[in-house]
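# Coordinates in review
In case you want the letters, here they are:
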Amino acid sequence: MKTIIEPFRIKVVEPIKITDRACRERLLREADYNLFQVRAADVTIDLLTDSGTAAMSAQQWSVMMSGDESYAGSRSFYRFEKVAKELTGFRHIIPVHQGRAAEKILFGIVGGAGKVVPANSHFDTTRANVEYTGAQAIDLLIPEGRDPQSEHPFKGNIDLAGLENCLKIHGRERVPLVLLTVTNNSGGGQPVSLQNIRAAREIARRHGVPLFLDACRFAENAYFIKLREPGQAGREVRDIAREVFSLADGCTMSAKKDGLVNIGGFLGLQDDELASKARNLLILIEGFPTYGGLAGRDLEAMAQGLTEVLEEDYLNYRFISTAYLGKHLLENGVPILVPVGGHAVYLDARRFVSHIEPRRFPAQALACELYLHAGIRGVEVGSLMFGRSEPGAFQAAAMELVRLAIPRRVYTQSHVDYVVEAIVEVHKRRNAIRGLEIVWEAPFLRHFTARLRPVREPGVR
């Protein structure tokens, strides 16, 4: 059938607030042109992130009622641990309240001044947690991954020659681990092939360096492998995911993505000594090792979500509904990153608003215009998030993107049609969009709290 149907029925509804442009102009000024500072109640379609924004299933709500809230040794932890161990094969599963807590613990142990952490791409919180320790985060994405118009099926792959060279130069003394982000969020939600993961594993093992996964979208990456990689079509997604985990020595996991929950995550480890250190640090900052900053009901929901996310009817729906948005934008001449990823469509702001140069933050300007026009909130993945502004110098990001992340099981096809219509209208009047300049910024993760203002003339470069 050509019509996309959601493989679920809607049981509970939440009202959406419809605002007018004058109201949104005022709200955006009050938020200093930073969409993170806009109240969710003032957003019509919220595509800021797919993290923690999923609608949970009836079964997830059901198991939450049996949550064991014991401080130590709750049965909810042991149910969650069993599910996570069966999926990943890791000996140690350490719960945390979300993925960045796992990053904080892991890099707090293995990071430090003089250390180097190579990856296909670090996302924003990962890079910040690496660099906060004094270590250097190095991105080694394949060249096709930096080209929004390349149709390479696995644009999230790590550059194997670059990885080999990095490990030769720095050695195991300076490189505590190699990191693969699956799927590669900052590169457009692009997948990493099984072949690439195997090859990266072999290179890392030869140099005596462990391989870790940022596994928050592990199920989507596994489904991409099934769809796109030769020889994988006949396999179950669960088996592909298990093989991917088997190639790694550990992972950080934000279950707020492919765990289908609103809060939660874990650190998965094979090494006993590293796990012992992680649990000691966990107690200081998150909680006892059998709850890790979570309620028992959260652990129950997470265990159920890690099971549901591998259902292929769900994954097929997720992929074709996201592709639907991308397809209709392309048909209307809107420049986007291709091929479309699993969790989001990324507008290519460098081509969309080509009159705005990187130092005027074209992707942020475009994201603000989309909110002004239709109340749609996306997120900038460009020079505000990944660029550097030093006195007398500006370093632009590799790409200027606006990510439209699709919350799981939340919006219907008519919502997506509204998004298409709005973006096409904005594209028609794109030359009137003005760039922005920073008024104030934080030293880390500035995009969350930065204050901006429009530049004075529309054509300022």
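Here, the structure is the one placed above.
Model, not experiment: these values are computed from the prediction.

The rules behind each value
Residues numbered from 1 in each chain as written. Predicted model: local features only at pLDDT ≥ 70, side-chain atom pairs only at ≥ 80, totals over all residues. Heavy atoms only, no water. Helix = DSSP H or I, 4+ residues; strand = E, 2+ residues; numbered from the N terminus. Rg over C-alpha atoms; globule rule 2.2 N^0.38 Å. Buried < 20%, exposed > 50% of the residue type's maximum accessible area, 1.4 Å probe, protein only. Contact = heavy atoms within 4.5 Å. Areas by Shrake-Rupley, 256 points an atom, 1.4 Å probe, with all protein chains shown as cover. Lys, Arg positive; Asp, Glu negative; His and termini not counted. Charge placed at Lys NZ, Arg CZ, Asp CG, Glu CD. Polar contact = N/O pair within 3.5 Å; in protein donor to acceptor, adjacent residues only side chain to side chain. Salt bridge = Lys/Arg side-chain N within 4 Å of Asp/Glu carboxyl O. Axes fitted to C-alpha atoms, helices over the stretch in contact; angles between N-to-C directions. Left-handed = near helix turned anticlockwise from the far one by under 90°. Nonpolar A, V, L, I, M, F, W, Y, C, P; charged D, E, K, R; others polar. Expected span 1.5 Å × (residues − 1). Patch = residues over 30% accessible without salt bridge, like charges linked within 9 Å, V, L, I, M, F, W, Y side chains within 5 Å.

### Some details on the overall build of the chain
Of regular secondary structure, the chain possesses 15 helices and 16 strands. Radius of gyration (C-alpha) of the chain: 21 Å, near the 23 Å computed for a compact globule of 461 residues. The principal-axis extents of the C-alpha atoms in the chain amount to approximately 60 × 55 × 45 Å. Buried positions account for 59% of the 461 residues belonging to the chain. Across the chain, the fraction of contacts at a sequence separation of at least 24, relative to all contacts at a separation of at least 6, is 74%. By element, 51% of the accessible surface of the chain is carried by carbon and sulfur atoms, the whole surface being about 19,000 Å². For the chain, the distance from the average position of its 58 positive side-chain charges to the average position of its 55 negative side-chain charges is 2 Å.

### Some points on the side chain of glutamine 98
For glutamine 98, the location among the structural elements is in the loop between β2 (92-96) and α4 (99-110). At a separation of 3.4 Å, a polar atom in the side chain of glutamine 98 contacts the side chain of histidine 97. In contact with glutamine 98, other than residues within four places in its own chain, are Lys256, Ile263, Gly264 and Gly265.

### Let's talk about the pattern of salt bridges
In this structure the tally under the stated criterion is 36 salt bridges. The residue aspartate 46 makes a salt bridge to arginine 377 at a minimum N-O spacing of 2.7 Å. Highlighted residues: aspartate 46 in strand β1 (residues 45-46) and arginine 377 in strand β10 (residues 376-377), separated in sequence by 331 residues. The residue arginine 360 makes a salt bridge to glutamate 437 at a minimum N-O spacing of 3.3 Å. Of this pair, arginine 360 sits in the loop between α13 (349-352) and α14 (362-374) while glutamate 437 sits in strand β15 (residues 436-440); the two residues are 77 residues apart in sequence, bridging distant segments of the chain. Note on glutamate 437: relative accessible area 23%, which makes it partly exposed. Several salt bridges converge on common partners, so that one network encompasses Asp50, Arg217, Glu220, Asp258, Arg318 and Arg408.

### Observations regarding the packing of α14 against helix α15 (residues 413-428)
Two elements in contact, α14 and α15, have axes separated by 10 Å at closest approach and are oriented at 115°. Crossing of α14 against α15: the hand is right-handed. For the pair formed by α14 and α15, the contact residues are Leu366, Glu369, Leu370, His373 and Ala374 on the first element and Tyr418, Ala422, Ile423, Glu425 and Val426 on the second. Of the residues belonging to the contact of α14 with α15, the class tally is 7 nonpolar, 1 polar and 2 charged.

### Topic: the side chain of glutamate 300
Structurally, glutamate 300 can be placed in helix α11 (residues 296-308). A distance of 2.9 Å separates a polar atom in the side chain of glutamate 300 from a polar atom in the side chain of serine 76. Once you skip the residues sitting within four places of it in the chain, glutamate 300 turns out to touch Val63, Met64, Ser66, Gly67, Ser76 and Arg79.

### Notes on helix α7 (residues 194-206)
Its 13 residues give α7 an end-to-end C-alpha distance of 18 Å, which sits within 8% of 18 Å, the value for a rise of 1.5 Å per residue. Along α7, the residues that are buried comprise Leu194, Asn196, Ile197, Ala200, Arg201, Ile203 and Ala204. Residues of α7 that are buried sit in contact with α6 (160-174), β5 (178-181), β6 (211-214), α8 (218-228) and α9 (237-246). Glycine 208 sits one or two positions beyond α7 and adopts a positive phi of about 70°.

### Things to note about a nonpolar patch on the surface
Together, Tyr71, Ile283 and Phe288 make up an exposed nonpolar region whose accessible area comes to about 310 Å². Summarising the element assignment, tyrosine 71 is placed in the loop between α2 (58-64) and α3 (75-88).

### Observations concerning unusual backbone geometry
Note that the residue after valine 182, namely threonine 183, is joined by a cis bond; omega there is -15°. As for its position among the elements, threonine 183 is in the loop between β5 and α7. Note that the residue after valine 338, namely proline 339, is joined by a cis bond; omega there is -10°. Mapped onto the elements of the fold, proline 339 is located in the loop between α12 (312-331) and β9 (344-348). The residue aspartate 32 is not glycine, and still its phi comes out positive at about 55°. Its place among the elements puts aspartate 32 in the loop between α1 (21-30) and β1.

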